[in-house]
Amino acid sequence: MPVVFSAAALLLSKLTTALMHSPVLIYFILASVLAAWVSDTISGLLTLALGCLEASFFVLRPAQSIQVEHAGQLSRLGLLAGVALLVIYVLSRLKAAQQEVAHLASFPQLNPNPIAETDLEGKITYVNPVMLARFPDVVELQSRHPLLADWPAMVGRFGVAGRKPISREVRVGDSVIFQTIQKMPDQALVRFYSLDITELKQVEEALRESEKRYRLLFESIDEGFCLIEVMFDENGKPSDWRFLETNPAFEKHNGLHEAEGKTILELAPNIEKGWLEIYGRVAITGEAVRFVQRSEALGRWFDLYAFRVGEPEQRRVAVLFSNITSRMQTEAALRESEQRFRTLVENVPQMIWVAASETEFLYFSPNWLEYTGTTLEENAKGGWDAVHPEDLPATLEKWRVAVSTRKIFETEYRLRRADGEYRWHFARAVPTNHPDSNRTLWFGTTTDTQDQKHAQELLLRTEKLASVGRMAATVAHEINNPLAVVTNLIYIALMDSNLPDHVRKNLETAERELDRVAHLTRQTLGFYRENTAPMNVDIAALVTDVLDLYRPKLKDRKIRVEFEEGTADLQVYALAGEIRQVVSNIIANAIDACPLGGRVRVRIRRVFFNGRNSVRLSFADTGDGIPPENLARIFEPFYTTKQAVGTGLGLWVSSEIIQRHQGSIRVRSQIGRGSVFSIYLPLAAHPIQQEAA
Amino acid sequence: MGRRVLVVDDDRGIVDTLQTILTMAGYDCATSDNGNDALQLAGHFDPHLVISDVMMPGMSGVELALKLRNSHPRMRIILLSGHANTQDLLTQAGESLGTVLVLPKPYPPRELLKLVAELTDTAHSAA
């Protein structure tokens, strides 16, 4: 090659001066350039060299041409050499072309994809082995084969000099075939490469489906959804965020209109800082968060799930959220309702309890725990320990039957208070079905009926007494008046100094008998009251009243009274007249028992008696005492030791009265030292405050 | 001058027998069978002591006692009652009747005379 270049340079240096003014040079140069462009560089140079020689021999004068001896021979030699060179060149090119063709031909043969060739009419001239294996019928069907669908039109698209491959997809059965069709250069054949892209297509389809499904989900979900880009300030703190994408439900949940592309500060300038912190953290750490939060700026409660999407540096967060304001309001209302219910349960006087089964108790109101002095744990099996042992078997049986038949449970029992006192209670429980848990819960109440029961008994007594009392009043009046008249008449008769002794004796006996009758009526009929209703009675005041009545008699017999009132303001719920009657009888007895100048000690004490808070009144005299054999009988009717004046009814009536008031009357006595009568009465459950004087 | 005692009771037998007993004992005795007459009579007769029943038609003994307490503060009064609740009636009347003495009926005449003597004495020695 350097030889060619140096030769060309030598020729050029010789010729340039001679050909400077001749247009021939231009032609040669143009020819060279043309050759180089059509063929290649070598051809261009050769053309230039040949041109130089031609110019040297045929155009220029010998003097100006290259000075070579035997120029004619040399030029022929040169011409020969040039032709030889050309021939060599053409041969080498041919060989290269052949190699290329062989290369191209061998390639389809080994290609793992089906390849076929047709002529320009569409007649198949070649199929590679893969094609034959994959589509054995292509040779038989020729252009009717789906692979060659629309073949003439396809080929027509190449035009005359078309080299650019064409791509298309055809369906063969269930398969999708991607074809690259190429018109082979300088050949009247068309080669098409086939690629089975069925799987690819399926994947693509699946992807598209998935995308569609996602879209559909995105568009149709009830929850709001948005994709945001969190923005940070120069200090790396989250400062705002932009809504990149929002779904249709978005606005319904948060009320932000046409948010896409806008930032939250544009839409809601007052948005709380807390939101930025949360989304900023998600964007930075990539940790998904689920949370419930209220936005004052938007005036709503939200339930949200936020997670990072895309690359960390994109700072993108997807947020799935729901407006739960109404749910929160419902919950708040529910809480409030629950609170109201609890307040109610904890403040009604009834004790309230809830049971899930015969032996599973879920709840006892605080007043039950306070009343029984137990804990919730101790009551888990029903708290039956507090029920009076006598009432327990019947109560448990009723409860068992009620639970097994799912009927209302009702019973009465005595319940032990923390201080040990048993009080009557009415218990009632109603079964309620809970559809949510599909179980039956028993809602029970236990009500203190002690006072009510007491009052009822007293009322019953009161009614009886009222009728008996009215009769007694009439009888007393009707008896006492004639008695008084007869007493007076006997006295008048006795005043006659001329009375024979036996008449006087008879009259004196009559007088004594009359006195007994008078005493009897006073003791039995005397307690009549105009208004007989039980009420709170101040015991000390009542005793004081009765003692006042007896003051003349006490003075007469020089009996000293020691009265210890004890705790102030002890009240019993009772018929005042009856209690007065009892106190009166006991004091009268004490006075009768005392010798002249004796002493009666009256004491009032607050005591705990028979499981109840009670009052004890004791009356101690300094009489002779009652012999043990009599002591057992003194409360029997018509038993008396005071033969002359006793009716035998006083203590009997008294003990009857005290029993009616759920109290007790007792006596202790010591011969020669005196007797002590004690009256126990339950204290009123609701004492009335005495007004300060 | 004898001591004057006024006896008030709607029961004729009581009035008569008490009058006899008191007269025999030397008292000057007037009687009435109802509270209104007794009130008038007390004006003219000016008794040292009034002995009255409690349950009477019209004016009751308690009422009579309260009125006499106002018009004749120094007059002594005994109420004879067939009922044990007279003390309560007096308490309900809301007045401290002080010298009013309540006695159960029947009351032994001997004892009654002792009280009458005592009360008529103090009535006039105080006057």
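Just so we're clear, the structure is a prediction, and the values are computed from it rather than from any experiment.

Reading the values: the criteria
- Numbering of residues begins from 1 in every chain and follows the order in which that chain's sequence is written.
- Key to labels: chains lettered from A, ligands numbered from 1, both in the order written.
- Reporting of local features is limited, given that this is a predicted model, to residues whose pLDDT is at least 70; pairs of side-chain atoms are given and counted only at 80 or more, and all residues count toward the totals for whole chains, interfaces and linings.
- Water and hydrogen atoms play no part in the side-chain values, which are based on all heavy atoms of the structure.
- Helical segments are the DSSP runs of H or I of at least four residues, strand segments are the runs of E of at least two, and each set is numbered from the N terminus.
- Here, residues are in contact when the closest pair of their heavy atoms is within 4.5 Å.
- Each accessible area value is a Shrake-Rupley result obtained with a 1.4 Å probe; residue values ignore everything except the protein chains displayed when judging cover.
- pLDDT measures the predictor's confidence residue by residue and takes values from 0 up to 100.
- Throughout, nonpolar core names a set of buried Ala, Val, Leu, Ile, Met, Phe, Trp, Tyr and Cys residues whose side chains join them through atoms within 4.5 Å.
- In this scheme, a residue with accessible area under 20% of its type's maximum is buried, one over 50% is exposed, and one in between is partly exposed, where area comes from a 1.4 Å probe on protein chains only.
- Lining residues are defined by having an atom within 4 Å of a point belonging to a cavity or pocket. Those points lie on a 1 Å grid over the protein atoms alone, cavities being sets where a 1.4 Å probe fits but cannot get out and pockets being open sets with protein on both sides within 12 Å along at least five of seven lines.
- Grid points are joined across faces, edges and corners, and a volume is the space filled by probe spheres set on the points.
- The pairing test for Phe, Tyr and Trp rings, Trp by its six-membered ring, is centres within 6.5 Å, and the orientation test on the planes gives stacked under 30 degrees, edge-to-face over 60, and tilted for anything in between.
- Note on pairing: two strands pair once DSSP finds at least 2 bridges between them.
- Only the stretch in contact is used when fitting a helix axis, every axis being a line fitted to C-alpha atoms; angles between N-to-C directions are given from 0 to 180 degrees.
- Working rule for helices: expected span equals 1.5 Å times residues minus one.
- Residues adjacent in sequence count toward polar contacts only when both atoms are side-chain atoms; beyond that, a polar contact is any pair of N or O atoms within 3.5 Å, and within protein one must be able to donate a hydrogen and the other to accept it.
- An angle counts as roughly parallel when it lies under 35 degrees, as roughly antiparallel when it exceeds 145, as roughly perpendicular when it falls between 65 and 115, and as oblique in every other case.
- Throughout, a crossing is termed right-handed when the near helix is turned clockwise from the far one, and left-handed when it is turned anticlockwise from it by less than a right angle.
- Each residue gets one of three labels, nonpolar for Ala, Val, Leu, Ile, Met, Phe, Trp, Tyr, Cys and Pro, charged for Asp, Glu, Lys and Arg, and polar for the others, Gly among them.
- Here, a salt bridge means any side-chain nitrogen of Lys or Arg that lies within 4 Å of a carboxyl oxygen of Asp or Glu.

1. Thoughts on the overall build of chain B
Phase 1: Across its full length, chain B carries five helices and five strands.
Phase 2: Helices and strands appear in chain B in the N-to-C order β-α-β-α-β-α-β-α-β-α.
Phase 3: Contacts in chain B between residues at least 24 apart in sequence constitute 68% of all its contacts with a sequence separation of at least 6.
Phase 4: Surface summary for chain B: the accessible area is close to 5,700 Å², and the carbon and sulfur share equals 50%.

2. Examining the confidence of the model for chain A
Phase 1: On average, chain A scores 82 in pLDDT, and the residues at 70 or more come to 84%.
Phase 2: With pLDDT under 50 throughout, residues 527-531 of chain A is counted as low confidence; its partners more than four residues away or in other chains account for 13 contacts.

3. With respect to the nonpolar core
One broad trend across soluble globular proteins is that nonpolar side chains are buried collectively.
Residues and elements named next belong to chain A.
Phase 1: Formed by 41 residues in total, the largest nonpolar core has its most connected members in Ile539, Ile579, Val583 and Ile679.
Phase 2: Of all elements in the fold, only helix 17 (539-549), strand 18 (571-574), helix 19 (576-593), strand 19 (599-609), strand 20 (612-621), helix 21 (650-660), strand 21 (664-670) and strand 22 (674-682) reach the threshold of two or more residues within this core.
Phase 3: The biggest single contributor to this core is helix 19, with nine residues.
Phase 4: If we skip the residues at most four places from it in the chain, Val583 touches Leu542, Val543, Val546, Leu617 and Phe619.

4. Section: empty space enclosed by the protein
If a probe as big as a water molecule is rolled over the atoms, it shows which places are left empty.
All names here are of chain A.
Phase 1: A complete count under the given rule lists six cavities of 30 Å³ or more for this structure.
Phase 2: Size it by volume and the largest cavity reaches roughly 150 Å³.
Phase 3: In this structure, the largest cavity is lined by 15 residues; those nearest its centre are Trp241, Asn254, Trp275, Tyr279 and Leu304.
Phase 4: Contributions of two or more residues to the lining of the largest cavity are made by strand 7 (238-246), helix 9 (249-254), helix 11 (273-285), strand 9 (300-309) and strand 10 (316-323).

5. Concerning the packing of aromatic side chains
Residue and element names in this part refer to chain A.
Phase 1: Tallying each qualifying case throughout the model produces 23 aromatic pairs over all chains.
Phase 2: Taken together, a centroid distance of 4.9 Å and an interplanar angle of 85 degrees make the contact between Trp241 and Tyr279 edge-to-face. With Trp241 in strand 7 and Tyr279 in helix 11, this residue pair connects regions lying 38 residues apart in the sequence. For the residue pair Trp241 and Tyr279, the accessibility class agrees, reading buried in each case.
Phase 3: Measuring from centroid to centroid gives 5.5 Å for Trp399 and Trp442, while their planes differ by 70 degrees, and the two rings are edge-to-face. Linking Trp399 in helix 14 (residues 392-405) with Trp442 in strand 15 (residues 439-448), this pair joins segments that are 43 residues apart in sequence. Exposure class is identical for Trp399 and Trp442. Each is buried.

6. Notes on the side chain of Asn379 of chain A
Phase 1: As for its placement among the helices and strands, Asn379 of chain A is situated in the loop between helix 13 (366-372) and helix 14.
Phase 2: Those residues in contact with Asn379 of chain A that lie beyond four places of it in its chain are Phe361, Phe364, Trp368, Leu369 and Thr374 of chain A.

7. With respect to the sheet that holds strand 19 of chain A
Residues and elements named next belong to chain A.
Phase 1: Read across the open sheet, the five strands follow the order 17-19-20-22-21; overall the sheet is mixed. Two strands lie at the open edges of the sheet, namely strand 17 (560-564) and strand 21, each paired on one side alone. When strand polarity is set aside, the average angle formed by the axes of neighbouring strands in this sheet is 20 degrees.
Phase 2: Relative to strand 22, strand 21 runs antiparallel, the two being bridged by seven bridges. Paired with Ser664 across the bridge in strand 22 is Tyr680.
Phase 3: Across the sheet, helix 17 is in contact with strand 17, strand 19, strand 20 and strand 22; its angle to strand 17 comes to roughly 170 degrees.

8. Some points on helix 1 (residues 12-24) of chain B
Residue and element names in this part refer to chain B.
Phase 1: For helix 1, with 13 residues, the first-to-last C-alpha span of 18 Å sits near the 18 Å given by 1.5 Å per residue.
Phase 2: The set of residues buried in helix 1 consists of Ile14, Val15, Thr17, Leu18, Ile21 and Leu22.
Phase 3: Capping the start of helix 1, Asp11 holds a side-chain oxygen 2.9 Å from the backbone nitrogen of Gly13, two or three residues further along.
Phase 4: Remark: Gly26 follows helix 1 within two positions and exhibits a positive phi of approximately 95 degrees.

9. Side note on the pairing of strand 4 (residues 175-183) of chain A
All names here are of chain A.
Phase 1: The pairing of strand 3 (residues 166-172) with strand 4 spans seven bridges and is antiparallel. Bridge pairing links Glu169 to Phe178 in strand 4.
Phase 2: Counting the residues between successive antiparallel strands, the hairpin from strand 3 to strand 4 contains two residues, one of them, Gly173, with a positive phi of roughly 60 degrees.
Phase 3: The pairing of strand 4 with strand 5 (residues 189-196) spans seven bridges and is antiparallel. In the strand pairing of strand 5, Ile181 is matched with Phe192.

10. Things to note about the packing of helix 17 of chain A against helix 19 of chain A
Residues and elements named next belong to chain A.
Phase 1: Relative to each other, helix 17 and helix 19 sit at 55 degrees, their axes nearing to 10 Å. In this view, helix 17 runs oblique relative to helix 19, as classed from their interaxial angle. Helix 19 is crossed by helix 17, and the crossing has right-handed handedness. Where helix 17 approaches helix 19, its residues Ile539, Leu542, Val543, Asp545, Val546 and Leu547 are matched on the opposing element by Ala576, Ile579, Arg580, Val583, Ser584 and Ile587.
Phase 2: Split by residue class, the contact of helix 17 with helix 19 holds nine nonpolar, one polar and two charged.

11. Observations concerning the pattern of salt bridges
Residues and elements named next belong to chain A.
Phase 1: For the structure on display, the rule yields 41 salt bridges over all chains.
Phase 2: Between Glu204 and Lys201 there is a salt bridge whose closest N-O contact spans 3.5 Å. With Glu204 and Lys201 both in helix 8 (residues 198-220) and three residues apart, this pair spans about one turn of that helix.
Phase 3: Between Glu564 and Arg605 there is a salt bridge, with the nearest N and O atoms lying 3.6 Å from each other. Taken as a pair, Glu564 in strand 17 and Arg605 in strand 19 lie far apart in primary sequence, 41 residues in all.
Phase 4: We classify Arg605 as partly exposed; its relative accessible area is 33%.
Phase 5: Linked by salt bridges that have partners in common, Arg417, Asp419, Glu421, Arg423, Asp448, Asp451 and Arg612 make up one network.

12. Some points on helix 11 of chain A
All names here are of chain A.
Phase 1: Spanning 13 residues, helix 11 covers 18 Å between terminal C-alpha atoms, matching the ideal 18 Å at 1.5 Å per step.
Phase 2: Where the residues of helix 11 are buried, they touch strand 6 (224-232), strand 7, strand 8 (289-295), strand 9 and strand 10.
Phase 3: Of the residues one or two after helix 11, Gly286 is the one with positive phi, at around 75 degrees.

13. A short note on the confidence of the model for chain B
Residues and elements named next belong to chain B.
Phase 1: Averaged over every residue, the pLDDT of chain B is 82; residues scoring 70 or more account for 81%.
Phase 2: Taking the mean pLDDT of every element in chain B, the minimum, 55, falls on helix 4 (residues 86-93) and the maximum, 95, on strand 1 (residues 4-8).
Phase 3: Scoring the predicted complex yields pTM 0.37 and, for the interface, ipTM 0.86.

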